Amino acid sequence: MSGQDGVTDNEYNPDPAPQDAATPIVIVGHVDHGKSTLIGRLLYDTDSLPEGRVAQIIESSKKRGLTVEWSFLLDSLQIERDQGVTVDSTRIPFKLGKRQFVIVDAPGHRQFLRNMITGAADAEAAVLVVDANEGAQEQTRRHAMLLRLIGIRHVIVFMNKVDIFNYDQKKIEAAERDITALLHQLEIEPTVFVPASAREGDNMASRSDKMPWYKGPTLTEALAAVPAPSSRADLPLRLPVQDVYRFDTKRIVVGRIERGRIRVGDEVVIGVHGAKARIASIESWHTAPQVAAVAGQSVAVTLEPDVIPDRGDFLFPADHAPLRAARIRTRLFWLRQEPLRVGESFRLRLATAEHQVTVAAIDSVVRLEDLTEHPAEEVPPEGFAEITLAVSETMLFDPFVPGTADGRGVLVDRNQQIVGGAPLIGVAESVAGRNAIHPTGSAVSLWDRAQAKGHRGGVFWMTGLPGAGKSTLAREAENRLFARGIDVSVLDGDTLRAGLCADLGFSEADRRENVRRAAAVARILAESGQVVIVALISPTVADRALAQQIVGEGFHEIFIDTPQATCEQRDPKGLYAAARAGKIEGFTGVDAPYEAPEKPDLRVGTTDASRDETAARLAVYITDAIRLDATAQRQTS
């Protein structure tokens, strides 16, 4: 039947039904345990391969002197065939009966775990592939931990290569007990164990006659039993604002409905400021008018009154508001090769929003060897932890829920590199004192500053014995760099102790605090685009490691390598003489040690060249390090 103005009733359907979504299944496991072989064989057994593809794989296998190598179906890159490594997360659709599935083949090698976070992020269930002979390996533990991190609880354990055991029941059940114990430590209850051989097809799509003792499901039966994704349309509305446009007299708010549904006339609350508005229209161009939309649809709406949201604001119903907090408990899978410590700052990406956050506390770290949680001062490279993030200003969020976009954050460093997966799990308790901090971040990027100044920022940390010439060379280099138009400043040890560090003495703890403060100031200046030359004894390796950790990328260690005899001969401030006379205690080079850098970024000797020549060499090194070239542009853009 036709409606008004020639629009059909179907086109005016006020409650569009969401289409049945394919069920995503992530395949994980240690390298060489058979993930790609499993998927290739599964596609073959379910008749999901394009015509002629099987013949192609048989021919490829013959050329390599192999039997049918099902993993070649997955190896979309030639490098994978040559090296035997799956290097990307591949999404592959297939059907079981009338039900749609999407397989996510996540890499198992350590260097590819970063891809796995995005590959597994929206999975409803997981197939954990374990070589029955090798059992749980390092990546098995990491992948199981990642499944816990991202909240996947429906886990099918595919006990592969049982043909190596000649299908022996006792050996297979022993391997099953080991994996069960591992998963129980992570509070994961395996849904089912499937003893199988992906290469031979045992218990894949048909029951193996070599294991009559096994009464459980085949892999395809286990997959068919995975619960279908719950409809996001039935959840309370969450519409993150992607952008706001002005067309003639209309202000158009655009975004993708992550869950729930909207109708013209619905009242919504906008963002953390809480303004209320009504959905005045759902805009459409060259199509029939819309009066409603559901989760998964991208929409353009107008509001009444004409409220102006910001990018990243949520539109949500007043009776189902998200959580509101400035301190957030977060699970973390840390991706960097350096440890994470309290005080480091990042951008937290959540849907279309970005928030400046600082690590306020490391609440616990998982020891991968036994999967136990314990207190720690840092998160190791590629480690798992629970941390508290302090946000620069109050933000809205929903706690992480598997199968939705709720609370699925990532941490991004100042070079826009993703450094951690960070599902948000709840509001952290506010505490008094130093942890109740909310740093603000600049909207001006490092690359924008570099383009405006004509050079990158950086910290050049000069270390050496007292009297080595650090401050003198720093000031000489400063003059040369400034004359070239470079925005440069010097942080000198004595200058800092006359002001910022006037409250510090020369105990080991005070020296370390002196280094920490100098490094923190240097980082702030470098992030504003300045070149910072720090002239500080910083006598221990640990001191300089702390400075490097605080400054991060752009830190350069420069060793002013002057022999102690020369330093004592110079003794520009008379301190060596005073220390030798017992008037100064704990003086570096006399009765306190100096640990020279073993591999500094630059070693500067001062005895074989004049002061001008040495300063010129230092200035050239700094100029080269901060130059904007094609490589620097790619790294910082």
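Here the structure is a predicted model, which is why all the values come from computation and not from measurement.

**Let's talk about the overall build of the chain**
And step 1. On a plain count of helices and strands, the chain comes out with 16 helices and 28 strands.
And step 2. Evaluated residue by residue, the chain yields a buried proportion of 50% over its 637 residues.
And step 3. Look at the contacts in the chain between residues 6 or more apart in sequence, and 72% of them connect residues 24 or more apart.
And step 4. Here the chain has roughly 29800 Å² of accessible surface; of this, 49% comes from carbon and sulfur atoms.

**Focus: the pattern of salt bridges**
And step 1. Under the criterion given, the structure shown has 30 salt bridges.
And step 2. For Lys453, the salt bridge identified is with Asp487, shortest N-O distance 2.7 Å. Placement of the pair is Lys453 in helix 8 (residues 446-453) and Asp487 in the loop between helix 9 (470-483) and strand 25 (488-492), with a sequence separation of 34 residues.
And step 3. Judged by its relative accessible area of 31%, Lys453 is partly exposed.

**Thoughts on the pairing of strand 6 (residues 192-195)**
And step 1. Of the two faces of strand 6, the one holding Val192 and Val194 and the one holding Phe193 and Pro195 are both buried throughout.
And step 2. Examined bridge by bridge, strand 5 (residues 155-160) and strand 6 share four bridges and lie parallel to one another. Its bridge partner being in strand 6, Ile156 is matched across the sheet by Val192.
And step 3. In this fold, strand 5 hands off to helix 6 (residues 169-185), which returns the chain to strand 6; that crossover is right-handed.

**A closer look at the sheet that holds strand 27 (residues 555-561)**
And step 1. Sheet architecture is open: five strands sit in the order 25-26-24-27-28, paired in parallel fashion. Edge positions in the sheet fall to strand 25 and strand 28 (602-605), since each has one partner strand and no second. Across the sheet, the mean angle from the axis of one strand to that of its neighbour is 20 degrees, orientation sign disregarded.
And step 2. Here five bridges tie strand 25 to strand 26 (residues 531-535), and the two strands are oriented parallel to one another.

**Focus: the sheet that holds strand 11 (residues 275-282)**
And step 1. The strand order 7-8-13-11-10-14 describes a closed barrel built from six strands, whose pairing is antiparallel. Going across the sheet, the axis of each strand differs from the next one's by a mean of 50 degrees, ignoring polarity.
And step 2. With six bridges connecting them, strand 7 (residues 239-247) and strand 8 (residues 250-256) associate as antiparallel partners. Within the sheet, the bridge partner assigned to Val241 lies in strand 8 and is Gly255.

**A closer look at empty space enclosed by the protein**
And step 1. Enumeration over the complete set of coordinates arrives at three cavities of 30 Å³ or more.
And step 2. In this structure, the largest cavity occupies an estimated 50 Å³ of space.
And step 3. The wall of the largest cavity is formed by Met145, Arg148, Leu149, Arg331, Ser364, Val366, Glu373, Phe384, Ala385 and Glu386.
And step 4. Of all elements in the fold, only helix 5 (138-149), strand 18 (353-367) and strand 21 (384-397) reach the threshold of two or more residues within the lining of the largest cavity.
And step 5. Split by residue class, the lining of the largest cavity holds five nonpolar, one polar and four charged.

**A closer look at the pairing of strand 24 (residues 458-463)**
And step 1. Among the six residues of strand 24, six are classified as buried, and the element is accordingly described as predominantly covered.
And step 2. By the alternation rule, side chains of strand 24 split into Gly458, Phe460 and Met462 and Val459, Trp461 and Thr463, which are all buried.
And step 3. In this sheet, strand 26 lies alongside strand 24 in parallel orientation, the contact comprising five bridges. Of the residues in strand 26, the one forming a bridge with Phe460 is Ile533.

**Observations concerning the confidence of the model for the chain**
As a general rule, the predicted coordinates of low-pLDDT regions are not to be interpreted in detail.
And step 1. On average, residues of the chain carry a pLDDT of 83, and 82% of them reach 70 or more.
And step 2. Within the model, the stretch residues 76-89 combines pLDDT values under 50 with 35 contacts to residues more than four positions away or in other chains.
And step 3. Considering only residues more than four positions removed or in separate chains, one finds that residues 630-637, a stretch of pLDDT under 50, has ten contacts.

**Here we look at the environment of Glu283**
And step 1. As for its placement among the helices and strands, Glu283 is situated in the loop between strand 11 and strand 12 (292-294).
And step 2. Look at Glu283 and you get buried, because its relative accessible area is 14%.
And step 3. Placed 19 residues apart in sequence, Glu283 and Thr302 show a C-alpha to C-alpha distance of 7.5 Å.
And step 4. Excluding residues within four positions of it along the chain, Glu283 makes contact with Lys250, Ile252, Gln290, Ala300 and Thr302.
And step 5. Within the structure, the side chain of Glu283 is placed 3.1 Å from the side chain of Lys250, a separation counted as a polar contact.

**Structural notes on a nonpolar patch on the surface**
And step 1. A surface patch of nonpolar side chains, about 350 Å² in accessible area, is lined by Tyr245, Phe247 and Trp285.
And step 2. One can find Phe247 in strand 7.

**Focus: the nonpolar core**
And step 1. Ranked by internal contacts, the top residues of the largest apolar core, which has 59 residues, are Leu38, Val127, Ile156, Phe158, Met159, Leu219 and Leu223.
And step 2. When residues of this core are assigned to their parent elements, the largest contribution, six residues, is made by strand 4 (residues 125-131).
And step 3. Core analysis: the next-biggest nonpolar cluster, separate from the first, contains 30 residues, Phe460, Ile486, Ala535 and Tyr576 among them.

**Section: the environment of Gln139**
And step 1. Mapped onto the secondary structure, Gln139 falls in helix 5.
And step 2. The exposure class of Gln139 is buried, given its relative accessible area of 3%.
And step 3. Here the alpha-carbon distance between Gln139 and Val31, two residues 108 residues apart in the chain, equals 7.5 Å.

**Brief notes about unusual backbone geometry**
And step 1. For the bond running from Glu304 to Pro305, omega is 0 degrees, close enough to zero to count as cis.
And step 2. Phi is positive for Asp248, which is not a glycine, with a value near 55 degrees.
And step 3. Among the secondary structure elements, Asp248 is positioned in the loop between strand 7 and strand 8.
And step 4. For Asp248, a relative accessible area of 76% puts it in the exposed group.
And step 5. Although it is not a glycine, Asp571 adopts a positive phi angle of roughly 35 degrees.
And step 6. You can see Asp571 is positioned in the loop between helix 13 (564-570) and helix 14 (575-580).

Criteria and thresholds
Residues numbered from 1 in each chain as written. Predicted model: local features only at pLDDT ≥ 70, side-chain atom pairs only at ≥ 80, totals over all residues. Heavy atoms only, no water. Helix = DSSP H or I, 4+ residues; strand = E, 2+ residues; numbered from the N terminus. Buried < 20%, exposed > 50% of the residue type's maximum accessible area, 1.4 Å probe, protein only. Contact = heavy atoms within 4.5 Å. Areas by Shrake-Rupley, 256 points an atom, 1.4 Å probe, with all protein chains shown as cover. Salt bridge = Lys/Arg side-chain N within 4 Å of Asp/Glu carboxyl O. Pairing = 2+ DSSP bridges. Right-handed = clockwise from strand over helix to strand, strands pointing away. Axes fitted to C-alpha atoms, helices over the stretch in contact; angles between N-to-C directions. 1 Å grid on protein atoms, 1.4 Å probe; cavity = no way out; pocket = protein on both sides within 12 Å on 5 of 7 lines; lining within 4 Å. Points joined across faces, edges and corners; volume = space filled by probe spheres on them. Nonpolar A, V, L, I, M, F, W, Y, C, P; charged D, E, K, R; others polar. pLDDT = per-residue confidence, 0-100. Polar contact = N/O pair within 3.5 Å; in protein donor to acceptor, adjacent residues only side chain to side chain. Patch = residues over 30% accessible without salt bridge, like charges linked within 9 Å, V, L, I, M, F, W, Y side chains within 5 Å. Core = buried A, V, L, I, M, F, W, Y, C linked by side-chain atoms within 4.5 Å.

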